[in-house]
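# Reading the structure
Okay, here's what each chain looks like letter by letter:
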Amino acid sequence: MHNINYIRENPTEFDNLMKLRGEKPLSSKIIEIDKQKRETQTILQSLLGERNTISKTIGIQKKNNKDVSFEMKKIEEIKNKINTLKELENIKENELNAILIRLPNIPHKTVPLGKDENDNKLYKEWGKKPKFNFQPKKHFEIGEELGLINFELASKLSGSRFVVLKKQISKLERAISNFMLDKHTEVNGYTEYSVPFLVKNNSLYGTGQLPKFGDDLFTAGEDHWLIPTAEVPLTNLVRDEILNVKQLPIRSTSYTPCFRSEAGAAGKDTRGMLRQHQFTKVELVSIVEPQHSEDELERMLQSAESILKDLEIHYRIMTLCTGDMGFSASKTYDIEVWLPGEDNYREISSCSNCNDFQSRRMNTRYKSDGKNIFVHTLNGSGLAVGRTLIAILENYQTEDGNVKIPDALFKYFHNKTLI
RNA sequence: GGAGAGAUGGGUGAGUGGCUUAAACCACAGGUUUGCUAAACCUGCGAAGGAAGUAAUUCCUUCCGAGGGUUCGAAUCCCUCUCUCUCCGCCA
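The shown structure was predicted, so the numbers you read here are calculated from the model rather than taken from an experiment.

The rules behind these values
- Sequence positions are assigned chain by chain, starting from 1 and proceeding in written order.
- Going through the entries in the order they are written, you letter the chains from A and number the ligands from 1.
- Two thresholds apply to this predicted model, a pLDDT of at least 70 for residue-level local features and 80 or more for giving and counting side-chain atom pairs, whereas whole-chain, interface and lining totals are computed over all residues.
- Computation of side-chain values covers all heavy atoms of the structure but excludes hydrogens and water.
- Only buried residues count toward a nonpolar core. Its members are Ala, Val, Leu, Ile, Met, Phe, Trp, Tyr and Cys residues joined through side-chain atoms within 4.5 Å.
- Throughout this description, buried means an accessible area under 20% of the type-specific maximum (1.4 Å probe, protein chains only), exposed means over 50%, and partly exposed covers the range between.
- For this analysis, residues touch if any pair of their heavy atoms sits within 4.5 Å.
- Here, strands pair whenever DSSP counts at least two bridges between them.
- Put simply, DSSP marks the helices as runs of H or I at least four residues long and the strands as runs of E at least two long, and each gets a number from the N terminus on.
- Only the contacting stretch of a helix is used when fitting its axis, a line to C-alpha atoms as for every element, and angles between N-to-C directions run 0 to 180 degrees.
- Geometric relationships in this document are graded by angle, where less than 35 degrees denotes roughly parallel, more than 145 denotes roughly antiparallel, 65 to 115 denotes roughly perpendicular, and other angles denote oblique.
- The handedness criterion is simple: a crossing whose near helix is rotated anticlockwise from the far helix by less than a right angle is left-handed, and one whose near helix is rotated clockwise is right-handed.
- In this classification, the charged set is Asp, Glu, Lys and Arg, the nonpolar set is Ala, Val, Leu, Ile, Met, Phe, Trp, Tyr, Cys and Pro, and all remaining amino acids, among them Gly, are polar.
- Here, proximity means that at least one heavy atom of the residue falls within 4 Å of the molecule or strand.
- Here a polar contact means two N or O atoms within 3.5 Å. Within protein one must be a hydrogen donor candidate and the other an acceptor candidate, and residues neighboring in sequence count only if both atoms are side-chain atoms.
- Every case where a carboxyl oxygen of Asp or Glu lies within 4 Å of a side-chain nitrogen of Lys or Arg is listed as a salt bridge.
- What counts as a domain boundary in this text is fixed by an automatic or database domain assignment.

## A word on the nonpolar core
L172, I392 and L418 are the most contacted members of the largest nonpolar core, which has 50 residues in total. Non-local contacts of L418, meaning those with residues more than four positions away in its chain, are made with L146, L148, Q168, I169, L172, L393, N402, V403, I405 and F413. Counting 14 residues, the second largest nonpolar core, distinct from the first, contains I30, L96, I99 and I101.

Written as structure tokens, this is what we have:
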């Protein structure tokens, strides 16, 4: 949600920034509605003041048994006007909100300009592509040949874009998530939460999935949605709160399943478990003071990176361009992991600074020097567990169809190889 | 699922139609004094918005879970909805 004062003061700049995100110029319309709303409000407020004064007089007169018919007549006149103006104010308020709630966040000044993912900029790289003296297989080839990944069984149960894992691979998934959670809580300073996987409308409005992106979500019953990411419950923990500055920064993490309908991705990545309706993820969320959010994004990125470094898997980091960022983000880094079987880099984490965009929707502020200031929110994957599993299978595969287990996981997997 | 109770500022909580300009306490911020892992006292302190002014500031409006209604006037009365708690039932 945008600050209306900012739009009022910088209409051209606002329009230009929105254009970068594929939106039409709306500032003049916004300002016009806002102006009508405020004009209505001003008249309404003076009438309400008048009514209050007269009402007080009536109270006193009645107590003294004096005639109040003159005052009553006056109020009768004002009342109709008040009702009409109230209605008008409501209409204008709703019109304004309807526009504002659907506009994406403003890109940070360091975000590269661009149309789509091809314009993303390389930020940094870590490690090297592993060399194989055989043709590396794709993760599902490895898994299916071992009989430990089964898509047919999953489709019998639930249709396409689901998977059934078995035995060692199932255990490996559990090992990965435990490793990530321990790292983030014991080393990176995040607090672990277990949160609901079903949320109500309000929470999804708060983080920006609703009202625009309901098609990407699954519903459960009449009032609940399945979370597409733990960002939703973790960030909304502070919705409608006025925090004390001493509580900040809040750094939280949670391991949850994520549910996405992938409505806009028909036909994409249909083979394998790269793009599923259900997957698990360890999420990182930070709630910070505005002046710290830029540093916090780097810190969060490093926390996510620390997982891949420990697992010793090559990756690169891209700064997303203006056209490729998510709705609520003002700046996003994608960590892309190297997948030898795919012969490609694939997103394994997305770390975003949403600045005050979500906190305005959630009405989350903190008190500093007597003032209430909107917090800045950040979220990032630390990491997507399913895709980390894929990365391990493909990067650590051996010629005989086995998979080495990264040293960092030994504590959790208790074995040097997959089978 | 059944029955009952409730929702008031950052927190606890008073307030049953005009004397509320939302009490009091806690927390928080500033200060005074004594002093040393602090205490006592004093002062300030709900939120959102509008208007005027170069500005410090001043004035006004709205908000007591949400939305309607009654009334000259609603935190207070009525209706609808949402949520929370307690007990009973069912249940991992």
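On we go.
## Quick word on the sheet that holds strand β1 (residues 121-126)
In spatial order, the strands read β1-β11-β12-β13-β16-β10-β9-β4; together these 8 strands make up an open sheet with mixed pairing. In this open sheet, the two strands that pair with only one neighbour each are β1 and β4 (191-192). Note: strand β9 (residues 250-259) against strand β10 (residues 278-288), 10 bridges, orientation antiparallel. Residue pairing across strands places F259 opposite Q278, the latter belonging to β10. Its contacts with the sheet put helix α12 (residues 385-395) on β9, β10, β12 (331-339), β13 (344-353) and β16 (376-384), and the angle it makes with β16 is roughly 40 degrees.

## Considering the packing of helix α7 (residues 167-187) against α12
Between α7 and α12, the shortest axis-to-axis distance is 10 Å and the interhelical angle comes to 115 degrees. As summarised for this structure, α7 and α12 are arranged roughly perpendicular, according to the angle between their axes. At the point where α7 passes α12, the crossing takes the right-handed sense. Residues I169, L172, E173, I176, S177 and M180 of α7 lie in contact with α12, whose contacting residues are V385, T388, L389, I392 and L393. Taken together, the residues that form the contact of α7 with α12 break down as 8 nonpolar, 2 polar and 1 charged.

## Looking at the protein's contact with RNA strand B
Taken together, 23 residues surround RNA strand B, and among them S55, I75, K200, I242 and R365 come closest. Here the atoms of RNA strand B within 4 Å of the protein split so that 78% fall in sugar or phosphate, with bases taking the remainder. One of the side-chain nitrogen or oxygen atoms of Q45 is found 3.2 Å away from a base nitrogen of RNA strand B. Within the side chain of N372, a nitrogen or oxygen atom sits 3.2 Å from a phosphate oxygen of RNA strand B. Taken together, the elements giving at least two residues each to the surface near RNA strand B come down to α3 (27-63), α4 (69-100) and β14 (365-368). Considered class by class, the residues forming the surface near RNA strand B number 5 nonpolar, 8 polar and 10 charged.

## Digging into the pattern of salt bridges
In total, this model carries 18 salt bridges according to the counting rule given. For E23, the salt bridge is made with K212, and the minimal N-O distance between the two is 3.6 Å. Of this pair, E23 sits in the loop between α2 (11-20) and α3 while K212 sits in the loop between α8 (201-207) and β6 (219-220), and the two are 189 residues apart along the sequence. Its relative accessible area of 21% is what places E23 among the partly exposed residues. For K212, a relative accessible area of 32% gives the class partly exposed. Taking the shortest distance from any N to any O, the salt bridge between E283 and K281 comes out at 2.6 Å. Neither residue differs from the other here; E283 and K281 are each classed as buried. Among the charged side chains, a salt-bridge network with shared partners connects E262, D269, R275, E342 and R346.

## Thoughts on the pairing of β12
In terms of burial, β12 is a largely internal element, 9 of the 9 residues being buried. Here β12 shows a buried face lined by K331, Y333, I335, V337 and L339 and a second buried face lined by T332, D334, E336 and W338. Judged from the 5 bridges that link them, strand β11 (residues 315-319) and β12 form a sheet pairing that is antiparallel. Opposite T319, over in β12, you have Y333 as the bridge partner. The pairing of β12 with β13 spans 9 bridges and is classified as antiparallel. Among the inter-strand pairings, T332 is bridged to a residue of β13, identified as S352. Two successive antiparallel strands, β12 and β13, enclose a turn made up of 4 residues, where D343 displays a positive phi of approximately 55 degrees.

## Quick notes on the domain arrangement of chain A
You can read the domains of chain A as domain 1 (4-100) and domain 2 (117-413). The distance between the C-alpha centroids of domain 1 and domain 2 comes to 44 Å.

## Here's the deal with unusual backbone geometry
Omega for the bond connecting L248 with P249 falls within 30 degrees of zero, at -5 degrees, which places this linkage in the cis form. Mapped onto the elements of the fold, P249 is located in the loop between β8 (242-244) and β9. Here G382 and L383 are connected by a cis peptide whose omega angle stands at 5 degrees. Unusually for a residue other than glycine, H414 sits at a positive phi of about 60 degrees.

## Some details on the sheet that holds β14
Taken in spatial order, the 3 strands line up as β8-β14-β15 in an open sheet, and their pairing is mixed. Of all the strands in the sheet, the pair left with one neighbour each is β8 and β15 (371-374). With direction set aside, neighbouring strand axes in the sheet form an average angle of 40 degrees. As defined by bridge partners, β8 adjoins β14 across 3 bridges and the pair is classed as parallel. Of the residues in β14, the one forming a bridge with N244 is K367.

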